Amino acid sequence: MIFASTLALVVTSLVTLRPQSELTAPTDRAPARSTLASTSRTAAGERSFVLYDVHDFVTGYRPAAEPLTAGGTAATSNADEVDAKRELARRAELQKFAEFVLARLEPAVAADTYQLEVLGSGTFGLVAAADVHNLMRHFFDRQRACAGFVDVRVRIVEGSREVFARAGFGTDTHAAPLPFAPAEIERRIALEPGLRVVQAPQLTTRPLQHAELSLFDEIKYVADWSIETVFPGPTEIVVPKIGVVSEGYSIGIRAAVQSGDALALDLQFARSVLHRPIRTTSLVLEDANKTRVELALPEVSTVTLRSACSLPSGGTFAFVTPPSEGQPDLLILVSASLRTETPAAGR
Amino acid sequence: VSTKHAEIPSREAFWSRVDAALDARRDPLADECIVAWLGERPDDAAALAELLARLDGLGARAPRSAARSRPAVRSLPLAAATVVAALAVWVALSMDESPARHAAPARTAAEPFDPRAFRVEHCTIEVVTRTPESVRTTRVADGVIEHSVATTTRGAGAPLATVVTRTRRTPPQESYP
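Being a predicted model, the structure only gives us computed values, none of them experimental.

Draft legend 1. Geometry of the overall build of chain A. Each helix and strand counted, chain A has eight helices and 16 strands in total. Taken across its 347 residues, chain A has 45% of its residues classed as buried. Residue pairs in contact within chain A that sit at least 24 positions apart in sequence constitute 72% of those at least 6 positions apart. Just so you have it, chain A exposes about 17,600 Å², and 55% of that area is on carbon and sulfur atoms.

Draft legend 2. Geometry of the nonpolar core. Ranked by size, the top nonpolar core spans 32 residues in total, and within it V154, L265, L305, F319, I332 and V334 of chain A carry the most contacts. Every element with two or more residues in this core is listed here: β5 (149–159), β10 (235–257), β11 (262–274), β14 (300–312), β15 (315–320) and β16 (329–339) of chain A together with β1 (119–130) of chain B. The leading source of residues in this core is β10 of chain A, at five residues. The residues touching V154 of chain A, leaving out its near neighbours within four places in the chain, are Q199, A200, P201, I251, L267, F269, I332, L333 and V334 of chain A. Among the nonpolar cores identified, the runner-up in size contains 27 residues, and L105, V132, L135 and F139 of chain A belong to it.

Draft legend 3. Spotlight on the interface of chain A and chain B. Across the boundary between the two partners, chain A contributes 51 residues, which contact 34 residues of chain B. In total, chain A and chain B occlude about 3,600 Å² of area from one another, counting both sides; carbon and sulfur atoms represent 57% of this. When the area that chain A buries against chain B is broken down by residue, the three leading residues are H174, P179 and R306 of chain A, summing to 17%. Inspection of the chain A/chain B interface yields three salt bridges.

Draft legend 4. Expanded view of unusual backbone geometry. All names here are of chain A. For the bond from E106 to P107, the omega torsion is 0°, close enough to zero to count as cis. Along the chain, P107 turns up in the loop between α5 (72–103) and β3 (114–120). Between R276 and P277 the backbone carries a cis peptide bond, its omega angle lying at 0°. The topology assignment puts P277 in the loop between β11 and β12 (279–284). The backbone phi angle of L208 is positive, close to 75°, even though this residue is not glycine. Structurally, L208 is set in the loop between β8 (202–205) and β9 (211–230).

Draft legend 5. Main features of the pairing of strand β3 (residues 144–151) of chain B. Residue and element names in this part refer to chain B. Note that strand β2 (residues 134–141) and β3 share eight bridges and pair antiparallel. Following the sheet pairing, A141 is matched in β3 by V144. Remark: two residues form the turn of the hairpin made by β2 and β3, two consecutive strands paired antiparallel; D142 in that turn has positive phi of roughly 50°.

Draft legend 6. Just the packing of helix α2 (residues 11–23) of chain B against helix α3 (residues 32–40) of chain B, in detail. Residue and element names in this part refer to chain B. For the pair α2 and α3, interaxial distance at closest approach is 10 Å and the crossing angle is 135°. Here α2 is positioned oblique relative to α3, judged by the angle of their axes. Helix-helix and strand crossings are classified by hand; for α2 and α3 the assignment is left-handed. On α3, the residues touching R11, F14, R17 and V18 of α2 are C33, I34, W37 and L38. Looking at the contact of α2 with α3 residue by residue, the class counts come to six nonpolar, no polar and two charged.

Draft legend 7. Structural detail: α3 of chain B. Looking only at α3 of chain B, the buried set comprises C33, I34, A36, W37 and L38 of chain B. A side-chain oxygen of the first residue of α3 of chain B lies 2.8 Å from the backbone nitrogen of C33 of chain B; this N-cap is D31 of chain B.

Draft legend 8. Geometry of the pattern of salt bridges. Residues and elements named next belong to chain A. If you walk through the whole model with that rule in mind, you get 23 salt bridges over all chains. Salt-bridge contacts for E158 lead to R196; the nearest nitrogen and oxygen are separated by 2.8 Å. Residue E158 is located in strand β5, and its partner R196 is located in strand β7 (residues 196–199); the two are separated by 38 residues in the primary sequence. In this structure, E192 engages R166 in a salt bridge whose closest nitrogen and oxygen atoms are separated by 2.9 Å. One end of the pair, E192, is in the loop between α8 (182–191) and β7; the other, R166, is in helix α7 (residues 161–166), with 26 residues separating them in the sequence. Overlapping salt bridges, with partners in common, bring together E93, K96 and R254 in one network.

The rules we used
Residues numbered from 1 in each chain as written. Chains lettered and ligands numbered in written order. Predicted model: local features only at pLDDT ≥ 70, side-chain atom pairs only at ≥ 80, totals over all residues. Heavy atoms only, no water. Helix = DSSP H or I, 4+ residues; strand = E, 2+ residues; numbered from the N terminus. Buried < 20%, exposed > 50% of the residue type's maximum accessible area, 1.4 Å probe, protein only. Contact = heavy atoms within 4.5 Å. Areas by Shrake-Rupley, 256 points an atom, 1.4 Å probe, with all protein chains shown as cover. Core = buried A, V, L, I, M, F, W, Y, C linked by side-chain atoms within 4.5 Å. Buried area = accessible area lost by both parts, 1.4 Å probe. Salt bridge = Lys/Arg side-chain N within 4 Å of Asp/Glu carboxyl O. Pairing = 2+ DSSP bridges. Axes fitted to C-alpha atoms, helices over the stretch in contact; angles between N-to-C directions. Parallel < 35°, antiparallel > 145°, perpendicular 65-115°, else oblique. Left-handed = near helix turned anticlockwise from the far one by under 90°. Nonpolar A, V, L, I, M, F, W, Y, C, P; charged D, E, K, R; others polar. Polar contact = N/O pair within 3.5 Å; in protein donor to acceptor, adjacent residues only side chain to side chain.

What follows is the structure, given as structure tokens:
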């Protein structure tokens, strides 16, 4: 790690530092294709360091901090620590952002042809050849020039693998592209009685901006008991320990506009379900009264989906959860489309 | 045609006129005003054609009994309604010059997406079931499925036992399901 950092500093000191305004300037350049071709011929092999200002894509990100300890003094002493954690989270988010961009350059760029330096506060540096910088510039220009919004809709459908196959959605646990328009997908779901849409969250975001939506219920239960000796008395009492399980879903996306009709998508989705009725068990405590108490044994199933994919606007990927003992099969349909009108309020 | 159409002021009046013709055991399509209305209302033409077809199927339509002596004319109303409906729909579509229709042509089910436009860089699906006694995990990462079970015994202080089994490899999908 130290060696890598040292190498980065050496490389950085050897290359030319260009002003960041070069990459944030208006897009009044020659056609990208001819620009890239000429640059590749003249500057192949030479690496340079360029700063990329991406405040407009990442400054809205506000990482959640740890809850402050109760009490004014403790909260004040923890403020610096909280700020430090937030700064670390921002840098991690910026690192993910830069990696997302680098992975979606067209044509693809090998990871060993560049070196990424996250500098924090909405800026990162890249040591790479001129043609890579041209690809980056072209990529950012395209995202900033896009006047539209990206709609991502996730439909969670319960059923069985047989029903999924019968409805034409397949049963492949790998991402399967669906050759249907969104209306046809709705029709197939409506016509198949064995399919049930349990959740259908939708997010609308600008290109490259991260969007998140979480909706969870917290359910408390008696997880354990302990025997405490308290005053007045002294006397022994049994004290329950309360556990919390979360039930709901969260979705996080980052999308980019690519050439043609395509959208690149980075998707994280999670859904937790508490199985009902909750199992219970009883036990006898070793207190003076030999108290019999009950415990809850909640069973929570969580399905997590993480994927990076590209699809045409209006296209849909289908994911089917792998067979898991005692769990129903889930079909996860992810649709993305680019639209030009302003999203409705409250979405 | 338009002067005849002017005699029916509203959709309610149109359907009242159709009902009156059927109640009187007359063919609604013999009424020029109804035909004129249908020429400008393709939705109503389709609905009327469906209604007449159902009545024919039930044997409840009066002109059917009258037409029994004239088999060649028996299905004339239905055919006429179908032709009128098809013509009206064609005219309506050909005259629709709204910007929305040309700006964003709807993709139909018969027009599949190009499979080459879909690409998956990586994909991980994980199903985790947690209970106080165990954690069962099934994970699919880029085609490789793994099952693992971690169990613990309450109060025994036993170390967490984990078993990981790699079961199969799924080749990347290259065609539509």
